[in-house]
Protein chains: 2
Amino acid sequence: MSSTNFKHDLFNQFARVGKALGNGNRLELLEYLAQGERSVDELGKVAGLTTANTSQHLQQLRQAGLVTTRKHGLKVYYRLSGNDVIALLDALRAVAQRHVADVERLVNTYLTVKDSLEPVPRAELLARVREGLVTVLDVRPPEEYAAGHVPGAVNIPLAELEQRLEELGQGQEIVAYCRGPHCVLAYEAVARLRAQGREARRLEDGYPEWLAEGLPVEGSRE
Amino acid sequence: MSSTNFKHDLFNQFARVGKALGNGNRLELLEYLAQGERSVDELGKVAGLTTANTSQHLQQLRQAGLVTTRKHGLKVYYRLSGNDVIALLDALRAVAQRHVADVERLVNTYLTVKDSLEPVPRAELLARVREGLVTVLDVRPPEEYAAGHVPGAVNIPLAELEQRLEELGQGQEIVAYCRGPHCVLAYEAVARLRAQGREARRLEDGYPEWLAEGLPVEGSRE
DNA sequence: CTTCTAATCAATTAATCGCTTGAATAGTTT
DNA sequence: AAACTATTCAAGCGATTAATTGATTAGAAG
C-alpha cells in the first residue's frame, strides 16, 4: 500500500466519525447519552423521534464508534464509547460557536439574554462545594440526575423551581448546571432565580464536562 | 421561539460543522491548511484533486466556518479560522483511533510497524532544544517548513534524508515531526534513521499541535 | 487590446442520506 | 400457546452530496 493510499484510507475512516456528527438529531442523541446510558425508546421520547428513526440514528453512531450497547431483556441500552466523545462534542460546539455566525446569533438571542455572566469554573465550584459555601442546582430530568451528578447537587426540574425555592439554602449563592454548554434549562433557571432575588450563576459547561474532567461524581454512573 | 425549536436549530447548526468533517478529502485539506496558508491551486496539487473540485470542497469548509480567505491578484489564499479547528481535528482523530477498528488496524499495520516507541512530549522537546541536546528534524515539504516550524528544526524532505544525514548533529538524538499525529513522513524518517544507526524518535503529534499549544515558532507564520 | 491564468459558478449524474412505514426478530407476560 | 413489547430490518421516496465538465469572472502579463 502506497503512503498516498494509506492517507486516503485513513482520512476516509476519520470522515466516518465526521459524517456521524453531521446530523442535528444525532448530535442531540449524543448529548442525551452524555448524561448517562439510555434505552432506544427513552432516547426517542426525549428527542422527539420515532423509535425506528432513533434506532437507525443510533446504528449510525455505533458504526462510527461513538456509542456502545448492551442488551437486557427486550431493551437495548446505549452509552457513549468514552469521555473522549464528550471532548469531541465540546470541540465541535466551541468551533461552531466561534466561527459560525448563525450559532453566535442563536446563542446571543436565546441564551445570553437570560444570563450574560461568566460561568463558574469547575475547579472553583468544587472548592466552594467542599466549604459548603454554595448550593448546586441540577435542573435536568430526575432520571438524568440519578445516572450521575455533581456531589451534593439538588435536583429540581425547571417546572418546579419556583415552588421549591426553599429547598435551596437561604442566603447562599446558587450555581446551576444542566446537560452541556448550551443547555437552555440552566440559563432559564438562573434567570428565574434572579427574578426571585436569589444570587445565581451557571456552572461552566455541564455535567458531562464535569465528569470528563475526572471530578467526583455521585449517582449510579461509574 | 420555544426551547425545543431553539435546541433543534442550534444542533442543526452544529451539524453543519460535522457535515464539513464528513469527507476524507476535506479532512486532508484541513490538515494541509494546518501547516499554513495555501492557495486553491497549491492545495489541489498536494491533495491530488482538480482545482474545481478543490474549490468546491474549500467552499464547503468556508461555509462551515472552518477556513477563511484573502485574495491577492488572481490567487485566493485559504487558512484555518483558528487554532480551535486544530483541536477539533485532533479530537476527531483521537476518537476515531480509539473507537473505530479500521483506524486502529490501519495505524497498526502502516505506522506502528515503522515506529512503535512513545513519541516525545512537546514540553520535553522544548526543554531539550533549549539545552542543545537534540536535533529536530522537520520532514515536511519546504514550503510548509517555511510557513512555520519548530525553532531550530532542520528541514529535510524524506527523499533526501539518506544523502543529508551529516546535516543532523552527530551523536545526538533526532526528534522528527511532520503534519500531525498520523503523518507517515515522520514515521518513515524515524525508521530510516534507525536503519542508519541513529537514535531517533517522533515528536508527539505534529507541527500544528505545537503551534496550537502556543509554543515558540519560527518562520513566516504568525 | 489580446492572451493567459486562477478560481468560481452552474449543470449533470450517480451515490448516499434521512425519514417513514410495515414486517421481522427476540424477549416477556398472561 | 397467544398476546404484547422493544428493537431492528428492509424498502421506498425525496433530498442532499461528490465529482466532473465546461462556462464565466476577474486579474496579470505581453
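Rules behind the numbers
Residues numbered from 1 in each chain as written. Chains lettered and ligands numbered in written order. Predicted model: local features only at pLDDT ≥ 70, side-chain atom pairs only at ≥ 80, totals over all residues. Heavy atoms only, no water. Helix = DSSP H or I, 4+ residues; strand = E, 2+ residues; numbered from the N terminus. Rg over C-alpha atoms; globule rule 2.2 N^0.38 Å. Buried < 20%, exposed > 50% of the residue type's maximum accessible area, 1.4 Å probe, protein only. Contact = heavy atoms within 4.5 Å. Pairing = 2+ DSSP bridges. Axes fitted to C-alpha atoms, helices over the stretch in contact; angles between N-to-C directions. Least-squares fit on C-alpha atoms with pLDDT ≥ 70 in both. Buried area = accessible area lost by both parts, 1.4 Å probe. Salt bridge = Lys/Arg side-chain N within 4 Å of Asp/Glu carboxyl O. Polar contact = N/O pair within 3.5 Å; in protein donor to acceptor, adjacent residues only side chain to side chain. Nonpolar A, V, L, I, M, F, W, Y, C, P; charged D, E, K, R; others polar.

*Asks:* Explain the overall build of chain A to me, using residue names and the numbers behind them.
*Replies:* Secondary structure assignment for chain A yields 10 helices and 7 strands. The C-alpha radius of gyration computed for chain A amounts to 19 Å, which stays within 12% of the reference 17 Å derived for 222 residues, consistent with globular compactness. Projected onto the principal axes, the alpha-carbon positions of chain A cover approximately 65 × 45 × 30 Å. For chain A, buried positions account for 54% of its 222 residues. Taking the intrachain contacts of chain A between residues at least 6 apart in sequence as the baseline, contacts between residues at least 24 apart amount to 67%.

*Asks:* Describe the sheet that holds strand S3 (residues 75–80) of chain B, naming the residues involved and giving the relevant values.
*Replies:* Residues and elements named next belong to chain B. Ordered in space as S1-S3-S2, the 3 strands form an open sheet in which the pairing is antiparallel. Two strands in the sheet have a free side with no partner beyond their single neighbour: strand S1 (38–39) and strand S2 (67–72). As defined by bridge partners, S2 adjoins S3 across 6 bridges and the pair is classed as antiparallel. Bridge pairing links valine 67 to leucine 80 in S3. Along the sheet, helix H4 (residues 51–63) makes contact with S2 and S3, crossing S2 at roughly 120 degrees.

*Asks:* Residues and numbers for the relation of the copies chain A and chain B, please.
*Replies:* Superposing chain A onto chain B takes a rotation of 180 degrees combined with a translation of 0.0 Å along the rotation axis, leaving an RMSD of 0.0 Å. Look at the turn and shift together and you get a two-fold axis relating the two. A shared interface surface links the copies, since 100% of the contact residues of chain A are contact residues in chain B too.

*Asks:* Explain unusual backbone geometry to me, using residue names and the numbers behind them.
*Replies:* In this structure, aspartate 205 of chain A takes a positive phi of about 60 degrees despite not being glycine. Residue position: aspartate 205 of chain A is located in the loop between strand S7 (200–202) and helix H10 (207–212).

*Asks:* Describe the interface of chain A and chain B, with residues and values.
*Replies:* On the side of chain B, 52 residues touch chain A, which itself brings 52 residues to the contact. When the buried surface of chain A facing chain B is broken down by residue, Phe6, Phe11 and Phe14 of chain A rank first, second and third, together holding 15% of it. There are 6 salt bridges connecting chain A and chain B. For aspartate 102 of chain B, the salt bridge is made with arginine 16 of chain A, and the minimal N-O distance between the two is 3.1 Å. The tally of links between chain A and chain B comes to 17 residue pairs in polar contact (both at pLDDT 80 or more). Counting only elements with at least two residues in the side of chain A that touches chain B, the list comes to helix H1 (3–20), helix H2 (24–33), helix H5 (83–99) and helix H6 (101–112) of chain A. Sort the elements by how many residues they give to the side of chain A that touches chain B and H1 of chain A lands first, with 15 residues. Taken together, the residues that form the side of chain A that touches chain B break down as 27 nonpolar, 14 polar and 11 charged.

*Asks:* Before we move on, could you go through the side chain of glutamate 173 of chain B and cite the residues and values that matter?
*Replies:* Residue and element names in this part refer to chain B. Structurally, glutamate 173 is set in strand S6 (residues 173–177). Judged by relative accessible area, glutamate 173 falls into the buried class, the value being 9%. A distance of 2.4 Å separates a polar atom in the side chain of glutamate 173 from a polar atom in the side chain of arginine 128. For glutamate 173, the contacting residues outside a window of four places in its chain are Arg128, Val134, Thr135, Glu199, Ala200 and Arg201.

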